[in-house]
Amino acid sequence: MKKLWLLFTFMLTLGCVEGYSHNDLRMLTAYRAKEVCSCLFVQLQSETFCEAYTVANPNLATYSVNFDDKIVQAEALMMWSNTARYDSAHFGCVLDPIP
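Residues numbered from 1 in each chain as written. Predicted model: local features only at pLDDT ≥ 70, side-chain atom pairs only at ≥ 80, totals over all residues. Heavy atoms only, no water.

Brief notes about the overall build of the protein chain
Part 1 of the reasoning: Tallying secondary structure elements over the protein chain gives 3 helices and 4 strands in all.
Part 2 of the reasoning: The order of helices and strands in the protein chain, counted from the N terminus, is α-α-α-β-β-β-β.
Part 3 of the reasoning: For the protein chain, with 99 residues in total, the buried portion stands at 27%.
Part 4 of the reasoning: Put simply, the protein chain shows about 7,200 Å² of open surface, and 62% of that area lies on carbon and sulfur atoms. (Helix = DSSP H or I, 4+ residues; strand = E, 2+ residues; numbered from the N terminus. Buried < 20%, exposed > 50% of the residue type's maximum accessible area, 1.4 Å probe, protein only. Areas by Shrake-Rupley, 256 points an atom, 1.4 Å probe, with all protein chains shown as cover.)

A short note on the environment of W80
Part 1 of the reasoning: In this fold, W80 is placed in strand β3 (residues 80-88).
Part 2 of the reasoning: A C-alpha to C-alpha distance of 9.7 Å links W80 and D24, two positions 56 residues apart in sequence.

As for the side chain of N82
Part 1 of the reasoning: The topology assignment puts N82 in strand β3.
Part 2 of the reasoning: Residue N82 is classed as buried on the basis of its relative accessible area, which comes to 4%.
Part 3 of the reasoning: A polar side-chain atom of N82 sits 2.9 Å from the main-chain carbonyl oxygen of R26.
Part 4 of the reasoning: Within the local environment of N82, its side chain forms a polar contact with the side chain of T29, the two groups lying 2.7 Å apart. (Polar contact = N/O pair within 3.5 Å; in protein donor to acceptor, adjacent residues only side chain to side chain.)

Points about the pairing of strand β2 (residues 71-76)
Part 1 of the reasoning: The pairing of strand β1 (residues 61-66) with β2 spans 6 bridges and is antiparallel. Residue pairing across strands places V65 opposite V72, the latter belonging to β2.
Part 2 of the reasoning: Counted between consecutive antiparallel strands, the loop separating β1 from β2 contains 4 residues, among which K70 sits at a positive phi close to 55°.
Part 3 of the reasoning: Pairing of β2 with β3 involves 6 bridges; the strand directions are antiparallel. Bridging across to β3, V72 finds its partner in A84.
Part 4 of the reasoning: Connecting the antiparallel pair β2 and β3 is a turn made up of 3 residues, with L77 showing a positive phi of about 55°. (Pairing = 2+ DSSP bridges.)

A few points about the environment of E75
Part 1 of the reasoning: Along the chain, E75 turns up in strand β2.
Part 2 of the reasoning: Taking the C-alpha atoms as reference points, E75 and R32, separated by 43 residues in sequence, lie 8.8 Å from one another.
Part 3 of the reasoning: Every residue in contact with E75, bar those within four places of it in the chain, is listed here: T29, L60, A61, T62, W80 and S81. (Contact = heavy atoms within 4.5 Å.)

Below, the structure is given as structure tokens:
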């Protein structure tokens, strides 16, 4: 029974380590870029409002806005980033494909 328990624990640990692809920060940056873009360019809110409106805990994603091209780029820990751009009144903001 002890061997079975050790095998189960080993397999569970291996599955957690090998199966986790570290997408949490990529999702965080995608959320922040898309939501800030939508808040600014679709809802036409102020940047101060949108910054407070889109904060996720922990607050690791920073963003920059290009108001001329209507593009928002979010970054987390200088390694993960996503970009959202205002497409049209019909489609709103869309995320750029990840290379």
